[in-house]
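Analysis of the macromolecular model
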Amino acid sequence: MTMDRRTFTLLAAGAALLFPGGVRAAPAMTVHKDPTCGCCEAWVDHVRAAGYEARVVEVAAINAVKAKLGVPPGLRSCHTAEIDGYVLEGHVPAAAIARLLAERPKVRGLAVPGMPIGSPGMEVEGRDSETYDVMAFGDEQEKFMTFRGGDPA
């Protein structure tokens, strides 16, 4: 049996997350979203399918939440999540979240600016997935991973 890159990445990230010093569950996250956003719900489905417990909080003033959590204006998207001391902005793939939690870099969080076609929650039937960067942010901003659709590129 052969294993493709996506399967290997997901298994490695999941193993690092679940078995660093014994068996533990993935941490829960809180997702802040506008009540009318459908793509946000699709992203929540994506992270739940990856094993994360996601509690959704609907807020009309989502930009106030982003500002409070320190999301830079140039990296903002439609929803903002909090998980284990980190902030997730926009359509961050589960594989990037797993790597973040396994490696624990000294950053405020991860962001996928805008709403790239094919990113988790932004799949569009009949459209090719875009290649996009997941950005780490804090004191500085830097590329954390590159994806095409939901797969590491």
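Up top is the structure.
Counting restarts for each chain: residues are numbered from 1 in the order of the written sequence. The predicted origin of the model limits local features to residues at a pLDDT of at least 70 and limits the giving and counting of side-chain atom pairs to 80 or more, whereas totals for whole chains, interfaces and linings rest on all residues. Side-chain measures were taken over the full set of non-hydrogen atoms in the model, leaving aside hydrogen atoms and water.

1. A word on the packing of aromatic side chains
Formally: Two rings from Phe, Tyr or Trp (for Trp, the six-membered ring) form a pair when their centres sit within 6.5 Å of each other. Planes less than 30 degrees apart are called stacked, planes more than 60 degrees apart edge-to-face, and all others tilted. By the criteria applied, helices consist of DSSP H or I runs no shorter than four residues and strands consist of E runs no shorter than two, each listed in order from the N terminus. Both a distance and an angle decide whether a charge sits over a ring: NZ of Lys or CZ of Arg must be within 6 Å of the ring centre and within 35 degrees of the ring normal.
What the rule picks out here adds up to 1 aromatic pair. Note on tyrosine 132 and phenylalanine 147: the rings are 6.1 Å apart at their centroids and 15° apart in plane angle, and the pair reads as stacked. Here the residue tyrosine 132 occupies a position in strand β6 (residues 131–137), and phenylalanine 147 occupies one in strand β7 (residues 141–148), the gap between them amounting to 15 residues. Taking the ring centre of phenylalanine 144 as reference, the NZ or CZ of arginine 99 above it sits at 4.1 Å.

2. Considering the pairing of β6
When a strand is regular, its side chains alternate between the sheet's two faces. Where we set the bar: For the exposure calls, accessible area comes from a 1.4 Å probe over protein chains only, and a residue counts as buried if that area is under 20% of its type's maximum, exposed if over 50%, partly exposed in between. We treat two strands as partners when DSSP finds at least two bridges between them.
By the criterion of burial, β6 is predominantly enclosed, with 5 of the 7 residues buried. Two strands pair when backbone bridges link them, and β6 and β7 are joined in this way by 7 bridges, in the antiparallel orientation. What sits directly across from phenylalanine 137, in β7, is glutamine 141.

3. Some details on the state of the cysteines
Let me state the cut-off plainly: When two cysteine sulfur atoms are found within 2.5 Å, that pair is recorded as a disulfide.
All chains considered together, the criterion is met by 0 disulfides. Lacking any disulfide linkage, cysteine 78 is separated from the closest cysteine sulfur, that of cysteine 39, by 3.6 Å. Since its relative accessible area comes to 15%, cysteine 78 is described here as buried.

4. Describing the pairing of strand β2 (residues 54–58)
Using the following cut-off: We call a crossover right-handed when, viewed with the strands running away from us, the connection from the first strand over the helix to the second turns clockwise.
Direction of pairing for strand β1 (residues 29–33) relative to β2: parallel, over a ladder of 5 bridges. Counted as the bridge partner of histidine 32 is valine 57 from β2. Viewed along the sheet, the connection from β1 through helix α2 (residues 38–49) into β2 turns out right-handed.

5. Let's talk about the sheet that holds β1
As a reminder of what qualifies: Contacts are residue-level and defined by heavy atoms, with any inter-residue pair within 4.5 Å sufficient. Here an angle of 0 to 180 degrees is reported between the N-to-C directions of two axes, which are lines fitted to C-alpha atoms, with helices fitted over the stretch in contact.
Here 8 strands make up an open sheet; going across it, the order is β2-β1-β3-β4-β5-β6-β7-β8 and the pairing mixed. The strands lining the two open edges of the sheet, one partner per strand, are β2 and β8 (151–152). Here 4 bridges tie β1 to strand β3 (residues 80–83), and the two strands are oriented antiparallel to one another. Residue pairing in the sheet places methionine 29 in a bridge with isoleucine 83 of β3. Across the face of the sheet, helix α4 (residues 94–103) comes into contact with β1, β3, β4 (86–90), β5 (109–112), β6 and β7 while running at roughly 140° to β7.

6. Section: the side chain of histidine 91
Put simply, the rule reads: Each polar contact in these results corresponds to two N or O atoms within 3.5 Å; when the atoms are within protein, one needs to be able to donate a hydrogen and the other to accept it, and residues that are neighboring in sequence are counted only if both atoms are side-chain atoms.
You can see histidine 91 is positioned in the loop between β4 and α4. With relative accessibility at 0%, the residue histidine 91 sits in the buried group. Reaching out from histidine 91, the side chain makes a polar contact with the backbone oxygen of proline 120 at a distance of 2.6 Å.

7. Quick word on α4
Because each turn of an α-helix spans 3.6 residues, side chains separated by three or four positions in sequence point in the same direction. A large share of α4 lies buried, amounting to 7 of its 10 residues. For α4, the set of buried residues is Ala94, Ala95, Ala96, Ile97, Ala98, Leu100 and Leu101. Just downstream of α4, arginine 104 is the residue with a positive phi angle, here 50°.

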